[in-house]
Number of protein chains: 2
Amino acid sequence: MQKKVSSQPRARPRADKERNRARLIAAAKQVFAARGAAASLEQVASEAGVGIGTLYRHFPKRDVLLEAVYRQETDTLVDAADRLMAQQEPVEALREWLLLFVDFIDTKRDMADALNTLIGGPEPLYSGTPSHLASSIEALVDGAIKTGTFRIDIEPLDLLRAIAGVANIRPGQNWKPSAIRMVDLLIRGMQIER
Amino acid sequence: MQKKVSSQPRARPRADKERNRARLIAAAKQVFAARGAAASLEQVASEAGVGIGTLYRHFPKRDVLLEAVYRQETDTLVDAADRLMAQQEPVEALREWLLLFVDFIDTKRDMADALNTLIGGPEPLYSGTPSHLASSIEALVDGAIKTGTFRIDIEPLDLLRAIAGVANIRPGQNWKPSAIRMVDLLIRGMQIER
DNA sequence: CAATATACGGAGGCTTCCTCCGTATATCAA
DNA sequence: TTGATATACGGAGGAAGCCTCCGTATATTG
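Just so we're clear, the structure is a prediction, and the values are computed from it rather than from any experiment.

Cut-offs and rules
- Residues numbered from 1 in each chain as written.
- Chains lettered and ligands numbered in written order.
- Predicted model: local features only at pLDDT ≥ 70, side-chain atom pairs only at ≥ 80, totals over all residues.
- Heavy atoms only, no water.
- Helix = DSSP H or I, 4+ residues; strand = E, 2+ residues; numbered from the N terminus.
- Contact = heavy atoms within 4.5 Å.
- Areas by Shrake-Rupley, 256 points an atom, 1.4 Å probe, with all protein chains shown as cover.
- 1 Å grid on protein atoms, 1.4 Å probe; cavity = no way out; pocket = protein on both sides within 12 Å on 5 of 7 lines; lining within 4 Å.
- Points joined across faces, edges and corners; volume = space filled by probe spheres on them.
- Nonpolar A, V, L, I, M, F, W, Y, C, P; charged D, E, K, R; others polar.
- Salt bridge = Lys/Arg side-chain N within 4 Å of Asp/Glu carboxyl O.
- Buried < 20%, exposed > 50% of the residue type's maximum accessible area, 1.4 Å probe, protein only.
- Axes fitted to C-alpha atoms, helices over the stretch in contact; angles between N-to-C directions.
- Parallel < 35°, antiparallel > 145°, perpendicular 65-115°, else oblique.
- Phe/Tyr/Trp six-rings, centres within 6.5 Å; stacked < 30°, edge-to-face > 60°.

> With reference to specific residues and values, describe the overall build of chain A.
A count of helical and extended segments in chain A gives 10 helices and 0 strands. Order of helices (α) and strands (β) in chain A, N terminus to C terminus: α-α-α-α-α-α-α-α-α-α. Sequence separation of 24 or more characterises 67% of the internal contacts of chain A that already satisfy a separation of 6 or more. Carbon together with sulfur atoms contributes 49% to the accessible area of chain A, which is approximately 9900 Å² in total.

Listed below in structure tokens is the structure:
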């Protein structure tokens, strides 16, 4: 009793889809920066000039939206890893990259609790975007190990977790010097003693 | 136009107050363990057999309740610090205590996200109960430094933060081995190289 | 210019938070 | 004991956010 069985799939996705997605990311970046990562999603939607339903269609979970917002920034970090590995001695490259990671957290510290949510949740930033930060830190650590002066018996990502722990735990404070010193402490701990 | 100006303050607080407080803590311990630290406070109240108003009167913020729930456990850690310092060589005492801290997180991992909330918030566990864990870890670190084989240029509490970072970030996983290795890594990093 | 696959919007049901204030009760003085 | 009253209790209800659902609108295609 069907009038028509055919269903011809669209050739390309509709234009408004991509446009709204972009708007939502921009709005989220702004709103999260202003009110923290726990900001109302309804607010993000209205800031973007779209309905709440549209937001949820594009980003089913808050995490997904946050990841999209940070994608660009993490891309920058990934690029930096490549650059450092090409230009620096391996251990120094790792050290500098970890310091960049500290800066990354610092820049976005407005949403420190956002990061916390991300990191703490079941879909953590660092495992949600494994191709991203994970592969970078792993490559850096590999390089350092190959020098023979370096050892590590934890997951490379745990380095980031430790740093994030030092940083995120105190949203308002000046945690940054502490985080920097933690980087050095970690490096020292991984250096093979002579 | 007052009928009576006198106001005679009670000699001792009412009995029901303390009783309800105890009930609330017990209920919270149970509910948090079962449903995670984000569990509804209304649920805690009803489990305790008191009204929601009573809960809020006793514990104005979720943090305060969480802290009360953990008070006993952290007390245990504080005691352990004293014991270890008396019985062990300083650096070893620090190491063992950090491992106990890992266990502490592990035991309560049901509420891992609770810890996260606590730690991430503006009223963090470790600064909310400074007399507790803070003074313990500081004393341990002091002892280690006095041996002359040890140095540290970060806040002692940052050690806990790093460990918590490694642990809390992955609620469901088997993070414990990683955390243990992180303890050793940190210790190595603080050991003065020869 | 249909026809129709896609996408949008936002009302509404649900949950939790937290305050406010009328009611109940423990304590004390006489 | 008993009345007075300082204290504490309870829970209704307003506010806010989450997320789904489905009728409506629109981009795209032949």
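> Would you mind going over empty space enclosed by the protein in detail, with residue names and values included?
A full pass over the atoms with the stated rule returns 3 cavities of 30 Å³ or more. In this structure, the second largest cavity encloses a volume near 50 Å³. Of the residues assigned to the lining of the second largest cavity, the class counts are 1 nonpolar, 2 polar and 4 charged.

> Could you give an account of the pattern of salt bridges, with specific residues and numbers?
Residues and elements named next belong to chain B. Scanning all chains against the criterion turns up 16 salt bridges over all chains. A salt bridge links Arg14 to Asp16, with the shortest nitrogen-to-oxygen separation between them at 2.8 Å. What makes Asp16 partly exposed here is its relative accessible area of 24%. Note that Asp184 and Arg95 form a salt bridge whose closest N and O atoms lie 2.7 Å from each other.

> Explain the packing of helix H10 (residues 176-190) of chain A against helix H10 (residues 176-190) of chain B to me, using residue names and the numbers behind them.
Two packed helices can be described by the angle between their axes and the distance between those axes. Close contact between H10 of chain A and H10 of chain B brings their axes to 7 Å; oriented N to C, the two are set at 95 degrees. Relative to H10 of chain B, the element H10 of chain A is oriented roughly perpendicular. Contact residues: H10 of chain A offers Met182, Leu185, Leu186, Arg188, Gly189 and Met190 of chain A, while H10 of chain B offers Met182, Leu185, Leu186, Arg188, Gly189 and Met190 of chain B. Looking at side-chain class alone, the contact of H10 of chain A with H10 of chain B contains 8 nonpolar, 2 polar and 2 charged residues.

> Any details on the side chain of Asn20 of chain B? Residues and values, ideally.
Looking at the secondary structure, you find Asn20 of chain B in helix H1 (residues 15-35). Discounting chain neighbours no more than four positions away, the residues touching Asn20 of chain B are Val50, Thr54 and His58 of chain B.

> Tell me about the packing of aromatic side chains, and name the residues and values.
Residue and element names in this part refer to chain A. If you walk through the whole model with that rule in mind, you get 6 aromatic pairs over all chains. Between Tyr70 and Phe104, the aromatic rings sit 6.0 Å apart at their centres with planes inclined by 80 degrees, giving edge-to-face as the arrangement. Placement of the pair is Tyr70 in helix H4 (residues 62-87) and Phe104 in helix H5 (residues 90-107), with a sequence separation of 34 residues. Taking the relative accessible area as the measure of exposure, Tyr70 reaches 1% and is therefore buried. Of the residues examined, Phe104 reaches a relative accessible area of 7% and is grouped as buried. An aromatic cluster of at least three residues, connected via ring pairs, comprises Tyr70, Trp97, Phe101 and Phe104.

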